[in-house]
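Fold and contact review
These are the residues of each chain, in order.
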Amino acid sequence: MERLLVYLMVLPMLYLVPTAVWADATPSVSYCTHVQNVGWQAYSPQGEMSGTEGRSLRLEGIRIALDKTGCDLGIEYQTHIQNIGWETDTAKGWTTSNGFSGTEGMGYRLEAIQIRLTGADADQFDIYYKVHAQNYGWLDWAKNGESAGTEGFGYRLEGICIEILPAGSKAPGNVDYPFVSANEFLNKIKGDWYSLKRTSTLPGLKINGNPYEECGLLWLGSKYYEYRYRIIYVAQDCKSGTFEAYEQNYYKPPSSGNSNWQKVPLAVSDIYQLNVDNTITRTSQSYTETFRK
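Before going into details, it helps to say that this report is about the structure given with it. (Residues numbered from 1 in each chain as written. Predicted model: local features only at pLDDT ≥ 70, side-chain atom pairs only at ≥ 80, totals over all residues. Heavy atoms only, no water.)

All right, on to unusual backbone geometry then. For Asn83, which is not glycine, the phi dihedral falls at a positive 70°. Its place among the elements puts Asn83 in the loop between strand S6 (74-81) and strand S7 (85-86). Accessibility expressed as a relative area gives 61% for Asn83, which makes it exposed. Even without glycine at this site, Asn144 takes up a positive phi of about 50°. Position of Asn144 relative to the elements: it lies in the loop between strand S13 (142-143) and strand S14 (148-151). Judged by its relative accessible area of 36%, Asn144 falls in the partly exposed class. (Helix = DSSP H or I, 4+ residues; strand = E, 2+ residues; numbered from the N terminus. Buried < 20%, exposed > 50% of the residue type's maximum accessible area, 1.4 Å probe, protein only.)

Right, dumping it as structure tokens:
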């Protein structure tokens, strides 16, 4: 009878052991960021924000510490830095657990981040992370090495949240749009002629290459114009947005005694909207003109 009572007392504890062991074996992260005008903040536990919100202060650096709790696990991360780009495109490469990614004392903003787990047990977990980006606010969650933030706009990161979950767990939130790329938007507007819908006597619009260079070309008779474009805003899904033709270079044909084309810069301020249906609308005029392919 005494043995039976002991067995009945111990049996429930046996069922609790696997859960406790799993809880102890689940890795976690803590992280701190170097913030403009603030410096290094204290470490935040996973799931909580590091950085600031609503103060327009840039993140300049980050450290991510991994508590692997007995797992064969490591962590690597890299940031996209103003005037530098992705760190893996430099000699620095990936940063490992609690190492410093970013810059300090240079005034450079972080613009995007990638984080991934390494080691034999890496496939047993997913690492999620989301960022608060200038002009967008909180973007969706990225995971396992995906990019989070923006690229090509010069927008700063202001905050970040990170969380490790068992592989296959439900994501902490939406995962559709963790990263907004100017290049993805540019690919939707470049390389095609857009002509005015209501008349064919006006020149068309064509965008090539980098919108921060001379890339738009308008032909009118024997004369032609080049436009400089810059992107103003892009929707998170990159299907719509606005861009500006902010400088126009008019090329005068060669004249008698001069065999060279003369470049004459002209000031412009035309704003264009790329719509989801792939039409372009000029919005800076008092009336609306719609461009189509």
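Text resumes after the structure shown.
What follows covers the nonpolar core. Ranked by internal contacts, the top residues of the largest apolar core, which has 55 residues, are Val29, Ile64, Ile75, Ile115 and Ile162. Sequence-distant contacts of Ile115, that is, excluding residues within four places in its chain, are made with Ile64, Ile75, Glu76, Tyr77, Ile127, Tyr129, Asn144, Gly145, Glu146 and Ile162. (Core = buried A, V, L, I, M, F, W, Y, C linked by side-chain atoms within 4.5 Å. Contact = heavy atoms within 4.5 Å.)

Moving on: the side chain of Arg156. Its location among the elements puts Arg156 in the loop between S14 and strand S15 (157-166). Note on Arg156: relative accessible area 16%, which makes it buried. Side chain to side chain, Arg156 and Glu158 meet in a polar contact 2.8 Å long. Among residues more than four places away in sequence, those in contact with Arg156 are Ser56, Leu57, Arg58, Arg109, Leu110, His132, Ala133 and Gln134. (Polar contact = N/O pair within 3.5 Å; in protein donor to acceptor, adjacent residues only side chain to side chain.)

Okay, the environment of Ile75 next. With respect to the element layout, Ile75 can be found in strand S6. By relative accessible area, which is 2% here, Ile75 ends up buried. Residues Ile75 and Thr118, 43 residues apart in the sequence, show an inter-C-alpha distance of 5.6 Å. Residue contacts for Ile75: discarding those within four places in its chain leaves Val29, Ile64, Leu66, Thr95, Thr96, Ser97, Ile115, Arg116, Leu117, Thr118 and Ile127.

No statement about biological role is implied by the geometric values presented.
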